[in-house]
Amino acid sequence: MCGIAGIITKNARNYNHEIQNMTDAIAHRGPDSAHHEFYENATLGHRRLSIIDLSENGKQPMFSNTQKECIVLNGEIYGYQSIKKQHAEYPYRGGSDTEVILAMYQRKKENLIHDLPGMFAFALWDENKQQLFCARDRFGEKPLYYTTGKNGEFIFASEIKAILASGLTNTEINHDALSHYLQYGYVSTYQSIYKNIHSLPPAHQLIWKDGTIEVSRYYSLPKKDRQISLSDAKEEFVYLLKNAVEKQLIADVEVGSFLSGGLDSSSIVALVNEFLPNQTTISFGYDHEDSELKYAREIAEKYRTKHVEIHEKKEDLVSGILKITPFLDEPFADTSTLPQFEICKAARKNLTVVLSGDVGDELFGGYNFYKVENELKKHFSYQNVIAQFGLKLYQNLKQTSYLSQKNIQYSSILDFHQNDVRNFFNENERRQLGINENYSQPYSFTADENSLNDIMRTDLEKYVPGNMLLKSDRMAMANSLEVRTPFLDIDFAEFCIQLPDQLKINSEQDKIILRESMNSYWTETIRNRRKQGFGLGIENWFEEKNLMKFSDDHLKNKDQKIFKYIDFHETQKFLNKDRKHWNLLQLALWAEKKYSQV
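Now for a description of the structure that goes with this document.

Let us look at the overall build of the protein chain. Along its length, the protein chain carries 25 helices and 17 strands. The C-alpha radius of gyration of the protein chain comes to 24 Å, within 12% of the 25 Å expected for a compact globule of 598 residues. Burial status across the protein chain gives 62% buried among its 598 residues. Considering only residue pairs separated by 6 or more positions, the protein chain has 71% of its internal contacts joining residues 24 or more positions apart. With an accessible surface of roughly 23,300 Å², the protein chain has 45% of that area assigned to carbon and sulfur atoms. In the protein chain, the 72 positive side-chain charges and the 82 negative ones have mean positions that sit 1 Å from each other.

Now the structure itself:
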């Protein structure tokens, strides 16, 4: 895991100061070493977190055997050993997974991307073609941002802060991105908060040549559901997940696992045990009666792991917020970011690589709102014009059920999902704040508005990269920790995506395929437990006097920078110690930071 940066421009050696500033800005992504390499028209920079091939042969930027290609990679190529054998003609100098991309490029050029597994963001300079080839992994585990500089330079980096550190770009606000943030609490993975700085979306590649930038999609989610029996699905599920876990345990440093005591992380720990007995597991908990630590402890004891527990320190939320703010280059309102930072910080004391159970909910149907959407679809009023008309009249006289209300309000379960689930500010509320834009990102498929599976596909292309994986990457890299996600192994993920939704969720149960396949690996308590969120309710946080004073300082002073973007007086109506309040506070912190960088 690393940080990458580069500038493509004539007389690139004149940009030594700029590339140095860029890699310095992301030193946390790779504290082990820093290197830069120069061609006449390109400079590449790298910060290294040594995980595979710890020798000098693994350092980057990495030249090919001909010196005509040079690559910087952030990520891991899982199963690279088999790829290496397929390209045995290449004269490898070391044991790095990065080098196999150079070997693949010499044979396949840009077409290598279709055969490249893993989590990655990379940039490869081809000196003969005077071309830069960049790509980002299929699900968006690793980030890549780019811009055109003031003098026509093409500039890229792992994080926005590195691009800003170059001093070669401006910071005009992107109001589409601001609108998306206010609605969902994060900026779309297709954008950045700045108008002229762009995010390379997941599953996309970029080619720069002669000053022209061409971005294209190289991968789409499988669009059709499979017909498969539960017994066959269970067998294939376990086989593919074991393969995924085994591939992601490859490293020249110790690999541990996050363990929440939930179904997903417990499954990962159980399968790791088959390949790596006595693994280290890390748990985070709150000191109250609903703490998950007791569940994690059960699994740790079952598999005899070296178990580490981290307890929350609730006494100073403001310090925690200020600790993570430097690592968030855009406004971000996910409250679990704070505990995520702490668990990564604690893990880094003993480990460099950790496996995570992230994205199980999106693949197996684990969220409660998926069950709600399933019930909405089955409700007698769903897309029944006559029933809805009658309910509208009836609700004027008497309160109707939640399902009835939502079926009247939204045209489909997809409409409900996009405009109610995980929403902060609706369209009218955003207009009150002075934001009239209403951004919707593109997808690799056309969703059936009545399909639960397509709702899960939507989350895989929207919420997962925009929120979940961004949070995981930034908080892990803030602590120089690599987090790997076995559920996003391409073979396993594609299998789960295509499972019919009745193997994921019904009126009684969620995560059916996971429960049926993995229940023998769990303890009885964990088999029967309900899903629990990672973080306390936001209302509890606002009970702290320090946090309220901090909020008042940032949101009740009309001279604060946030009010360059939204209306001060309308903002005051939304300061109700709830999720909207938290969203606005995070926006205020970002705005203050933005102006301090100018």
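The next thing to look at is the packing of helix H12 (residues 368-378) against helix H17 (residues 452-461). In a pair of packed helices, the angle between the axes and the distance between the axes together describe the arrangement. As a packed pair, H12 and H17 sit with axes 10 Å apart at the nearest point and diverge in direction by 150 degrees. Like other packed secondary-structure pairs, H12 and H17 cross with a definite hand, here right-handed. Only Leu452, Ile455, Met456 and Asp459 of H17 make contact with H12, whose side of the interface consists of Phe369, Tyr370, Glu373 and Asn374.

Now for the side chain of threonine 189. Examined against the element boundaries, threonine 189 turns out to sit in the loop between helix H5 (175-184) and strand E10 (197-199). Its relative accessible area of 5% is what places threonine 189 among the buried residues. Apart from residues no more than four positions distant in its own chain, threonine 189 is found in contact with Arg136, Ser199, Pro201, Pro202, Gln441, Glu461, Pro465 and Gly466.

In terms of burial, helix H3 (residues 98-108) is largely enclosed, as eight of its 11 residues are buried. Taken as a whole, H3 has its buried residues at Thr98, Glu99, Val100, Ile101, Leu102, Ala103, Met104 and Tyr105. Just downstream of H3, lysine 109 is the residue with a positive phi angle, here 50 degrees.

Before going further, it helps to examine the sheet that holds strand E16 (residues 353-355). Consider a sheet: its strands pair through backbone hydrogen bonds, and that pairing is either parallel or antiparallel. Strands sit in the order E15-E14-E13-E16-E17 across an open sheet of five strands; the sheet is parallel. What marks the edges here is a single partner per strand, and that holds for strand E15 (306-311) and strand E17 (482-484). Sheet twist, expressed as the mean angle between neighbouring strand axes with direction ignored, is 30 degrees. As paired elements, strand E13 (residues 255-258) and E16 share three bridges and run parallel to each other. Residue pairing in the sheet places valine 255 in a bridge with valine 353 of E16. Sitting on the sheet, helix H7 (residues 263-275) touches E13, strand E14 (280-285) and E16, and the angle it makes with E13 is about 155 degrees. Sitting on the sheet, helix H8 (residues 293-302) touches E14 and E15, and the angle it makes with E15 is about 170 degrees.

Side-chain positions along a regular strand alternate between the two faces of the sheet. Here E14 lies mainly inside the structure; six of its six residues are buried. Residues Thr280, Ile282 and Phe284 point to one face of E14 and Thr281, Ser283 and Gly285 to the other, with burial holding for every one of them. In the sheet, E13 pairs with E14 via two bridges, with the strands oriented parallel. Residue phenylalanine 258 lies in a different strand from E14, and its bridge partner there is isoleucine 282. Read from E13 through H7 to E14, the crossover connection turns out right-handed. Summarising the sheet, E14 and E15 pair through six bridges and their orientation is parallel. Residue pairing across strands places threonine 281 opposite histidine 307, the latter belonging to E15.

The next point concerns the sheet that holds strand E3 (residues 42-48). Strands sit in the order E2-E3-E1-E9-E8-E10 across an open sheet of six strands; the sheet is antiparallel. The outermost strands of the open sheet, each flanked by one partner alone, are strand E2 (33-38) and E10. The average angle at which neighbouring strand axes cross in this sheet is 15 degrees, direction not considered. When strand E8 (residues 145-148) meets strand E9 (residues 154-157), the two strands line up antiparallel, connected through four bridges. Counted as the bridge partner of tyrosine 145 is alanine 157 from E9. Relative to the sheet, helix H1 (residues 16-25) contacts strand E1 (2-8), E2, E3 and E9, its axis offset from that of E1 by approximately 155 degrees.

With 158 residues, the main nonpolar core has Ile101, Phe122, Leu182, Phe237, Leu547, Ile566 and Trp582 as its most contacted residues. Among the nonpolar cores identified, the runner-up in size contains 20 residues, and Phe63, Val72, Ala123 and Trp208 belong to it.

Moving on, we get to the packing of helix H6 (residues 230-248) against helix H19 (residues 490-498). Taken N-terminus to C-terminus, the directions of H6 and H19 make an angle of 150 degrees; their axes are 8 Å apart at the nearest point. It follows that H6 is roughly antiparallel to H19 by the angle criterion. In the crossing of H6 with H19, the sense of the turn from one axis to the other is left-handed. Contact residues: H6 offers Ala233, Glu236, Phe237, Leu240, Leu241 and Lys247, while H19 offers Asp491, Phe492, Phe495 and Cys496. Among the residues making up the contact of H6 with H19, the classes are represented as seven nonpolar, no polar and three charged.

Take helix H9 (residues 317-324) next. The set of residues buried in H9 consists of Leu317, Val318, Gly320, Ile321 and Ile324. For H9, the angular spread of buried residues about the axis comes to 160 degrees, placing them on one side.

Here we come to the packing of aromatic side chains. The full count for this structure, using the stated rule, is 28 aromatic pairs. Arranged with centres 5.9 Å apart and planes meeting at 25 degrees, the rings of phenylalanine 487 and phenylalanine 492 form a pair that is stacked. For phenylalanine 492, a relative accessible area of 0% puts it in the buried group. Here tyrosine 565 and tryptophan 590 contribute two aromatic rings whose centre-to-centre distance is 5.9 Å and whose plane-to-plane angle is 40 degrees, an arrangement assigned as tilted.

Next up on the list: the side chain of serine 480. Within the secondary structure layout, serine 480 lies in the loop between helix H18 (463-478) and E17. On the basis of relative accessible area, serine 480 is assigned to the buried category, the value being 10%. Within the structure, the side chain of serine 480 is placed 2.7 Å from the backbone oxygen of histidine 28, a separation counted as a polar contact. Every residue in contact with serine 480, bar those within four places of it in the chain, is listed here: His28, Pro31, Leu49, Arg348 and Thr352.

A side chain of one charge can pair with a side chain of the opposite charge when the charged atoms of the two come close. Following the criterion strictly, the structure yields 39 salt bridges and no others. Across the pair lysine 549 and aspartate 553 runs a salt bridge whose closest N-O atoms are separated by 3.3 Å. Of this pair, lysine 549 and aspartate 553 both sit in helix H23 (residues 545-555), four residues apart, which is roughly one turn of the helix. Judged by its relative accessible area of 53%, lysine 549 is exposed.

Parameters at a glance
- Within each chain, residues carry numbers counting from 1 in the order of the written sequence.
- Only residues with pLDDT of at least 70 get local features here, since the model is predicted, and only at 80 or more are side-chain atom pairs given and counted; chain-wide, interface and lining totals rely on the full set of residues.
- Neither water nor hydrogens contribute to the side-chain values; these are computed over all heavy atoms in the structure.
- The secondary structure listing takes helices from DSSP runs of H or I that are at least 4 residues long and strands from runs of E that are at least 2 residues long, numbered from the N terminus.
- Based on C-alpha atoms, the radius of gyration is set beside the globule rule, defined as 2.2 Å times the residue count to the power 0.38.
- Throughout this description, buried means an accessible area under 20% of the type-specific maximum (1.4 Å probe, protein chains only), exposed means over 50%, and partly exposed covers the range between.
- Any two residues having at least one pair of non-hydrogen atoms within 4.5 Å are treated as being in contact.
- Here the open area of atoms and residues is found with the Shrake-Rupley method and a 1.4 Å probe, where only the protein chains shown may cover a residue.
- Here the positive residues are Lys and Arg and the negative ones are Asp and Glu; neither His nor the chain ends is included.
- Where a charge lies is defined by one atom per residue type: Lys uses NZ, Arg uses CZ, Asp uses CG and Glu uses CD.
- Working convention: axes come from line fits to C-alpha atoms, limited for helices to the stretch in contact. Angles between N-to-C directions cover 0 to 180 degrees.
- Note: crossing handedness is left-handed where the near helix turns anticlockwise from the far helix by less than a right angle, and right-handed where it turns clockwise.
- Should DSSP find at least two bridges between two strands, the strands are regarded as paired.
- Convention used here: a crossover is right-handed provided that the path from the first strand, over the helix, to the second strand proceeds clockwise when the strands point away from the viewer.
- The definition of a nonpolar core used throughout is a set of buried Ala, Val, Leu, Ile, Met, Phe, Trp, Tyr and Cys residues joined through side-chain atoms within 4.5 Å.
- Convention used here: angles under 35 degrees read as roughly parallel, angles over 145 as roughly antiparallel, angles from 65 to 115 as roughly perpendicular, and any remaining angle as oblique.
- Gly falls in the polar group here, along with every residue not listed as nonpolar (Ala, Val, Leu, Ile, Met, Phe, Trp, Tyr, Cys, Pro) or charged (Asp, Glu, Lys, Arg).
- Each direction from the helix axis to a C-beta atom contributes to the arc, which is the arc of those directions.
- Note on aromatic pairs: the rings of Phe, Tyr and Trp (six-membered ring only in Trp) are paired at centre separations within 6.5 Å, and the planes decide the class, stacked below 30 degrees, edge-to-face beyond 60, tilted for the rest.
- Side-chain atoms alone can form a polar contact between residues adjacent in sequence; in general such a contact is a pair of N or O atoms within 3.5 Å, and within protein one must be able to donate a hydrogen while the other accepts it.
- Any carboxyl oxygen of Asp or Glu within 4 Å of a side-chain nitrogen of Lys or Arg constitutes a salt bridge here.

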